Amino acid sequence: MVAAVSLLHPQVRQPDGARIHDLLTRGRRSGEIIPLATLTHELSGCVDWPKVGDWEGVTADLVQLVHAGRCDALSLGLPEIAGALLCTGPHSHVRAYDAAADDFLVYGATERETVLAEVGMYLAELVAEQALWSGDGLLPPLGDHG
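Caption draft 1: Structural context of the side chain of R112. Along the chain, R112 turns up in helix 6 (residues 109–129). The side chain of R112 is buried and forms no salt bridge, while E113, the nearest opposite charge, is found at 4.8 Å. Contacts of R112, omitting those with residues within four sequence positions, involve P35, A37, T38, L85, L86, T88, G89 and P90.

Following this line, the structure appears as structure tokens:
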């Protein structure tokens, strides 16, 4: 997890990073957690990504920034189900086999919202002490969203 403004770092491929930042922040609350899977859902399930930019390349650039210590990142260390829920869209389902019950459990939007709320509370505690550093020399955002 990185601060959305890290997408404006000059070492992130541009204008792709700025376009993704714009989509992630438009009409949302400051500090809101938006998994890329949510954005993918909003972009017609990958169909519209090419119009926005190379999200895989931008993600790889962000990972390199983090490894080089040029911006902060937070590893959440989520349990498998929670991680899977965040990696799927907001209306997707995750199925898990429960050996004790010899049945499948299905997790969906309600459980995903719970995970996001828990991550949000955890992040709020951390940033109350110190905000995630997004890097130096950031480019201006595409638009002002208040």
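Caption draft 2: Quick look at the nonpolar core. Grouped together as the largest cluster of nonpolar side chains are 13 residues, with contacts concentrated most on L7, I20, L24, L39, W49, V58 and L62. Of all the elements in the fold, those that place two or more residues in this core are helix 1 (16–25), helix 3 (49–52) and helix 4 (55–67). Broken down by element, this core gets its largest block of residues, three residues, from helix 4. Not counting the four nearest positions on each side in its chain, L39 is found in contact with I20, L23, L24 and W49.

Caption draft 3: Examining the side chain of T40 more closely. Relative to the assigned elements, T40 resides in helix 2 (residues 36–42). A residue is classified by how much of its surface remains accessible, and T40, at 15% relative accessible area, is buried. Non-local contacts of T40, meaning those with residues more than four positions away in its chain, are made with G45, C46 and W49.

So, how was this worked out
- Residues numbered from 1 in each chain as written.
- Predicted model: local features only at pLDDT ≥ 70, side-chain atom pairs only at ≥ 80, totals over all residues.
- Heavy atoms only, no water.
- Helix = DSSP H or I, 4+ residues; strand = E, 2+ residues; numbered from the N terminus.
- Buried < 20%, exposed > 50% of the residue type's maximum accessible area, 1.4 Å probe, protein only.
- Lys, Arg positive; Asp, Glu negative; His and termini not counted.
- Salt bridge = Lys/Arg side-chain N within 4 Å of Asp/Glu carboxyl O.
- Contact = heavy atoms within 4.5 Å.
- Core = buried A, V, L, I, M, F, W, Y, C linked by side-chain atoms within 4.5 Å.

Function cannot be read off these values alone, since they describe shape.
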